[in-house]
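Examination of the molecular architecture
The primary structure of each chain is shown beneath.
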2 protein chains.
Amino acid sequence: MTEDATHPTTAGPPIGIGDLARHSGCKPETVRYYERIGLLPDAARSEGGQRRYYQRTVRRLTFIRHARDFGFSIEAVRELLKMADHPEMPCDEVDAFAKHHLAEVESRLQRLAALRDELKRMVTQCAGGRVESCRIIEVLSDHRLCHQRGEHGGAMR
Amino acid sequence: MTEDATHPTTAGPPIGIGDLARHSGCKPETVRYYERIGLLPDAARSEGGQRRYYQRTVRRLTFIRHARDFGFSIEAVRELLKMADHPEMPCDEVDAFAKHHLAEVESRLQRLAALRDELKRMVTQCAGGRVESCRIIEVLSDHRLCHQRGEHGGAMR
DNA sequence: GCTTGAACCTCTAGTTGCTACAGGGATTAG
DNA sequence: CTAATCCCTGTAGCAACTAGAGGTTCAAGC
């Protein structure tokens, strides 16, 4: 992906790293980090050497932040970006990627839903009681959770 | 929390760090790490200096792993354990904890559910197509996600 | 009772994904 | 033109583990 000042829509003047970060919900340090590890291309520079960005990069960074927020690892994001950068490729890889992550996402969802239910129950029923009657602690101690709903998951690779 | 060889049920002989780890779905290194940072008490030792554990610790470690898996930070887990260790305490703190985390958990749930739907759609519809028609990449690029479903979340404090 | 191999010990260093300085230069509003 | 703000590079720190080096202990089989 390269910078393109002649983009038809919303081209405007290039923006600085701070604005880019603000638009995508992260910090300038994070942007520089992504550039360093190659998720973002080397930015164009002003006369004085400061980074200048166009809309393409806002979109790319937004993509990265969403994918990270969904729990994809940096390496998984790198894969996704490679696919997004080559839209003429057949879909097989994205498809395989989806299959690989679907089960993991579903198991996380179920476990999170169980936690939400417990938190909800507590907020509505717990006021004034004592810790011994709080089921959240019981729920977290219950080993059957593992077998009922799949193993502990780490980051998505 | 101290080790108690005289626990009535399932007392049996003490177990080593490897068995403890296996029972709780983590590695010996992680157990030693938790001991070092004070989530687990200093373990009893064999004559030769190896760690020996009783059922209490299996339960405590299971609790910790579940809480971590649900996305609670180590410091959040420390809070929860403090509450679990003092069941005579009034419930207020656990209640406050629940309130504080409920919104975060719900927003994560919604975003994860959106991702699951996309992954599912892809797995069923995408075979044989090309990347340009894969909506997962579109969805991840769409900034409206942020405003519709809450901001990007980090670890739960 | 002895051997042997797996499991364990401590200590240190590496990993991932950022985040926070320090010590300086660039840009821009007034 | 100057002050405030932004940005630069480089390094170091953080959370939450994970992996190794180099040595010790345990327990099962003979």
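We now turn to the structure provided with this report.

Take the protein's contact with DNA strand C next. Not every one of the 20 residues close to DNA strand C is listed here, only the nearest: A:Tyr34, A:Arg68, B:Gly18, B:Arg32 and B:Arg51. Near the protein, meaning within 4 Å, the atoms of DNA strand C are sugar or phosphate in a fraction of 87%, with bases accounting for the rest. At 2.8 Å, a backbone N or O of B:Arg51 approaches a phosphate oxygen of DNA strand C. For the surface near DNA strand C, the secondary-structure elements that each account for two or more residues are α2 (28–36) and α3 (55–69) of chain A together with α1 (17–24) of chain B. Examining the composition of the surface near DNA strand C, we find that 4 residues originate from one element, α2(A), more than from any other.

Let's shift gears to the packing of α1(B) against helix α3 (residues 55–69) of chain B. Residues and elements named next belong to chain B. Packing of α1 against α3 brings their axes to within 9 Å, and their N-to-C directions diverge by 45°. It follows that α1 is oblique to α3 by the angle criterion. Where α1 crosses over α3, the handedness of that crossing is right-handed. Together, Leu20, His23 and Ser24 of α1 and Thr57, Val58, Leu61, Thr62 and Arg65 of α3 make up the contact between the two elements. Classifying every residue of the contact of α1 with α3 gives 3 nonpolar, 4 polar and 1 charged.

For the rest of this paragraph, the subject is the environment of B:Lys82. Among the structural elements, B:Lys82 can be located in helix α4 (residues 74–85). Sequence separation of B:Lys82 and B:Leu39 is 43 residues, and the distance between their C-alpha atoms is 9.7 Å.

This part takes up the environment of B:Glu106. In this fold, B:Glu106 is placed in helix α5 (residues 92–125). Excluding anything up to four places from it in sequence, B:Glu106 contacts A:Arg116 and A:Lys120.

Close to DNA strand D lie 21 residues; A:Arg32, A:Arg51, B:Ser46, B:Gly48 and B:Arg68 are nearest. Between DNA strand D and the protein, one listed contact pairs a phosphate oxygen with a backbone N or O atom of A:Gly18 at 2.9 Å. Elements that contribute at least two residues to the surface near DNA strand D include exactly α1 (17–24) of chain A together with α2 (28–36) and α3 of chain B. Looking at the surface near DNA strand D, the element that brings in the most residues is α2(B), giving 4 residues. Its residues assigned to classes, the surface near DNA strand D comprises 4 nonpolar, 9 polar and 8 charged.

Let us look at α1(B). Residue and element names in this part refer to chain B. Where α1 is concerned, the buried positions are Ile17, Leu20, Ala21 and Ser24. Looking straight down α1, one finds its buried side chains confined to an arc of 95°; they lie on one side. Among the structural elements, α2, β2 (51–52) and α3 are those in contact with the buried residues of α1. Looking one or two residues past α1, Gly25 carries a phi angle of roughly 70°, positive in sign.

Rules used throughout
- Starting from 1, residues in each chain are numbered consecutively following that chain's sequence as written.
- Whichever chain is written first becomes A and whichever ligand is written first becomes 1, with later ones labelled in order.
- Local features are withheld for residues below a pLDDT of 70 in this predicted model, meaning they are given only at 70 or higher, and side-chain atom pairs are given and counted only at 80 or more; totals for whole chains, interfaces and linings count all residues.
- For the side-chain quantities, the full set of heavy atoms in the structure was used; hydrogens and water were omitted.
- Working definition: residue near molecule or strand if any one of its non-hydrogen atoms lies within 4 Å of it.
- In protein, a polar contact means a hydrogen-donor-capable atom and an acceptor-capable atom, both N or O and within 3.5 Å, with residues adjacent in sequence counting only if both atoms are side-chain atoms; elsewhere, any N or O pair within 3.5 Å suffices.
- A run of H or I in DSSP becomes a helix once it reaches four residues, and a run of E becomes a strand once it reaches two; helices and strands are each numbered from the N terminus.
- Between N-to-C directions, angles span 0 to 180 degrees; the directions come from axes that are lines fitted to C-alpha atoms, helices contributing only their stretch in contact.
- Any angle between 65 and 115 degrees counts as roughly perpendicular, while under 35 counts as roughly parallel, over 145 as roughly antiparallel, and the rest as oblique.
- Note on convention: near helix rotated counterclockwise from far helix by under a right angle means a left-handed crossing. Clockwise means right-handed.
- Residues are treated as being in contact if the distance between any of their heavy atoms lies within 4.5 Å.
- Throughout, the ten residues Ala, Val, Leu, Ile, Met, Phe, Trp, Tyr, Cys and Pro are labelled nonpolar, Asp, Glu, Lys and Arg are labelled charged, and all others, Gly among them, are labelled polar.
- Using a 1.4 Å probe on the protein chains alone, a residue whose accessible area is under 20% of its type maximum counts as buried, one over 50% counts as exposed, and one in between counts as partly exposed.
- Within this analysis, the arc is defined by the directions that extend from the helix axis to the C-beta atoms.

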